[in-house]
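For reference, the chains in residue letters:
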Amino acid sequence: MKLTKYTHACVRLEKEGKVLVIDPGTFSESEEALSGAHAVLVTHEHNDHIDHPAVTAALRSNTALEVHAPAGVAAALKENTDVADRVHAVEPGSSFEAAGFSIRTFGGQHAVIHAQIPVVANIGYLVDGNVFHPGDSFVVPDGINVQTLLVPIHAPWSKVGEVVDFVISVRAPRAFPVHDGLLNELGRGIVEGHVTRIGARYGTTYTRLAPKESVEL
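Figured I'd write up the structure that's included with this text. Given the structure is predicted, the values throughout are model-derived calculations rather than measurements.

1. Here's the deal with the overall build of the protein
At step 1: Counting its secondary structure elements, the protein contains 5 helices and 14 strands.
At step 2: Classification of the 217 residues of the protein by burial places 51% in the buried group.
At step 3: Long-range pairs, those at least 24 residues apart, make up 54% of the contacts in the protein with a sequence separation of at least 6.
At step 4: Total accessible area on the protein stands at roughly 9,300 Å², and carbon and sulfur atoms take up 50% of it.

2. A few points about the sheet that holds strand 13 (residues 205-206)
Through backbone hydrogen bonds, the strands of a sheet pair up, either in parallel or in antiparallel fashion.
At step 1: Ordered in space as 7-8-9-10-11-12-13, the 7 strands form an open sheet in which the pairing is mixed. Single-partner strands in this sheet number two, and they are strand 7 (95-98) and strand 13.
At step 2: In terms of strand pairing, strand 12 (residues 174-178) meets strand 13 through 2 bridges, oriented parallel. What sits directly across from A175, in strand 13, is Y206.
At step 3: The strands touched by helix 4 (residues 160-170) within the sheet are strand 10 (131-133) and strand 11 (148-152), with strand 11 carrying the most contacts at an inclination of about 165°.

3. Quick word on the packing of helix 4 against helix 5 (residues 185-201)
At step 1: Two elements in contact, helix 4 and helix 5, have axes whose closest approach is 10 Å; the angle formed by their N-to-C orientations is 30°. With respect to each other, helix 4 and helix 5 are oriented roughly parallel. Where helix 4 crosses over helix 5, the handedness of that crossing is right-handed. Across the interface between the two elements, V160, V163, V164, V167 and I168 from helix 4 touch V191, H194, V195, I198 and G199 from helix 5.
At step 2: Residues of the contact of helix 4 with helix 5, tallied by class, amount to 8 nonpolar, 2 polar and no charged.

4. Details of the environment of K159
At step 1: Examined against the element boundaries, K159 turns out to sit in the loop between strand 11 and helix 4.
At step 2: Exposure remark for K159: the relative accessible area of 56% places this residue in the exposed category.
At step 3: Along the sequence, K159 and V191 sit 32 residues apart, while their C-alpha atoms lie 9.2 Å from each other.

5. Some words on helix 3 (residues 71-78)
At step 1: Among all positions of helix 3, only V73, A74 and L77 are buried. The buried residues of helix 3 all sit within an arc of 100° when viewed along its axis, so they share a single face.
At step 2: On the buried face of helix 3, the contacting elements are helix 2 (52-61), strand 5 (66-69) and strand 6 (87-89).

What counts, and where the lines are drawn
- Residues numbered from 1 in each chain as written.
- Predicted model: local features only at pLDDT ≥ 70, side-chain atom pairs only at ≥ 80, totals over all residues.
- Heavy atoms only, no water.
- Helix = DSSP H or I, 4+ residues; strand = E, 2+ residues; numbered from the N terminus.
- Buried < 20%, exposed > 50% of the residue type's maximum accessible area, 1.4 Å probe, protein only.
- Contact = heavy atoms within 4.5 Å.
- Areas by Shrake-Rupley, 256 points an atom, 1.4 Å probe, with all protein chains shown as cover.
- Pairing = 2+ DSSP bridges.
- Axes fitted to C-alpha atoms, helices over the stretch in contact; angles between N-to-C directions.
- Parallel < 35°, antiparallel > 145°, perpendicular 65-115°, else oblique.
- Left-handed = near helix turned anticlockwise from the far one by under 90°.
- Nonpolar A, V, L, I, M, F, W, Y, C, P; charged D, E, K, R; others polar.
- Arc of directions from axis to C-beta.

In structure tokens:
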């Protein structure tokens, strides 16, 4: 499986000629990530995780494309009735196939940003029993051993200690960053330094990926 990271939270997975995209948001190179895609997974409704115009355009131009998302996101996309039959609502605790990839879902809600900001649905996706994208949460998948963890390195809802504890709790052999679009290089160095050093004590090798950089898993 080939994983390509895009700016912020978006990743593209390729296997045996099939393409799966997770969280093509407005902070990312969404049109490029979606090019030739067969399936899209959306973790939640915030715009940095779904670029609605880009996803709708991709659905219209690519009749092979299917989208899986929490109910609220799915309902918004289904308002475009010409593509509604290829948009699917998903819930936590489910399993399905998307473009030849096996998918399991975890979690259920977005991490709390502030008591006065409503909490929205958030789905974490495990792909092929290997890659876990938690969206905007630190939910730890139960009953499995994650091989590749995508770590939300920085967010308005987190602090460094929580990021480190998430990596420690999952204990995946390898980890790569997502949700890093709000960091400058000084802040990135601090957070990644802690994750790299402490994560290694618990068996996790953390590797930075630049936007559009790929790795074979």
